[in-house]
Amino acid sequence: RLGPDLVIPNRVIMAPMTRGRSGANGMASAIMAEYYAQRSSAGLIISEGVHTSVLARGWYRAPEIFTQEHSKSWKVVTDRVHEAGGRIFCQLWHCGRVSHSSFRDGVEGYDGEM
């Protein structure tokens, strides 16, 4: 049992791993849905880091979840996991000041002193 509402069938918790398999524009992909569904027997899956904004980007092909389109692409993943009897949490990820401008589509990042 994790908290008052989540009961997991075993004590196996799949740790997050950066996979770098999102589609263009940070969309969760079919291969991601297959990957997570294959691991649904874990008591709980914690997803790879998922960028929360353009400024959060810092890893090539990491998935994102800050637009409706991103959310819809993740719904495919979570539906596959749930259909297989699994549970999945999304690990939110912001790379902070170390995010390189090449990941941000021209959006300026932090320019102040460290």
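Just so it is clear, the model here is predicted, and its values are computed rather than measured.

Draft legend 1. Quick peek at helix α1 (residues 30-38). For α1, the full list of buried residues reads M32, A33, Y35, Y36 and A37. Contacts from the buried residues of α1 go to β1 (13-14), β2 (44-51), α2 (68-83) and β3 (88-93).

Draft legend 2. Fine view of the pattern of salt bridges. All told, the structure shown has two salt bridges when counted by the stated rule. Its salt-bridge partner being R57, residue E64 comes within 2.5 Å of it at the nearest N-O pair. In terms of burial, E64 and R57 fall into one category: buried. Between D79 and K75 there is a salt bridge, with the nearest N and O atoms lying 2.9 Å from each other. Taken together, the positions of D79 and K75, both in helix α2 and four residues apart, correspond to about one turn of that helix. K75 sits in the partly exposed class, given a relative accessible area of 48%.

Draft legend 3. Quick peek at the pairing of β2. A large share of β2 lies buried, amounting to seven of its eight residues. As defined by bridge partners, β1 adjoins β2 across two bridges and the pair is classed as parallel. The residue of β2 that forms the bridge with I13 is L44. With five bridges joining them, β2 and β3 adopt parallel strand pairing. Of the residues in β3, the one forming a bridge with G49 is Q91. Taken together, β2, α2 and β3 form a β-α-β motif whose crossover is right-handed.

Draft legend 4. The arrangement of the nonpolar core in detail. Among the nonpolar cores identified, the biggest contains 13 residues, and M14, Y36, I45, W74, V77 and I88 are the most heavily contacted of them. The residues contacting W74, other than those within four sequence positions of it, are A28, M32, Y36, S47, V50, P63, E64 and I65.

Draft legend 5. A look at the sheet that holds β2. In spatial order, the strands read β1-β2-β3; together these three strands make up an open sheet with parallel pairing. Each end of this open sheet is capped by a strand with a single partner; those strands are β1 and β3. Across the sheet, α2 touches β2 and β3, and the angle it forms with β3 is around 150 degrees.

Draft legend 6. A look at the side chain of S73. Its place among the elements puts S73 in helix α2. For S73, a relative accessible area of 11% translates into the label buried. Contacts of S73, omitting those with residues within four sequence positions, involve M27 and A28.

The rules behind the values
Residues numbered from 1 in each chain as written. Predicted model: local features only at pLDDT ≥ 70, side-chain atom pairs only at ≥ 80, totals over all residues. Heavy atoms only, no water. Buried < 20%, exposed > 50% of the residue type's maximum accessible area, 1.4 Å probe, protein only. Helix = DSSP H or I, 4+ residues; strand = E, 2+ residues; numbered from the N terminus. Contact = heavy atoms within 4.5 Å. Salt bridge = Lys/Arg side-chain N within 4 Å of Asp/Glu carboxyl O. Pairing = 2+ DSSP bridges. Right-handed = clockwise from strand over helix to strand, strands pointing away. Core = buried A, V, L, I, M, F, W, Y, C linked by side-chain atoms within 4.5 Å. Axes fitted to C-alpha atoms, helices over the stretch in contact; angles between N-to-C directions.

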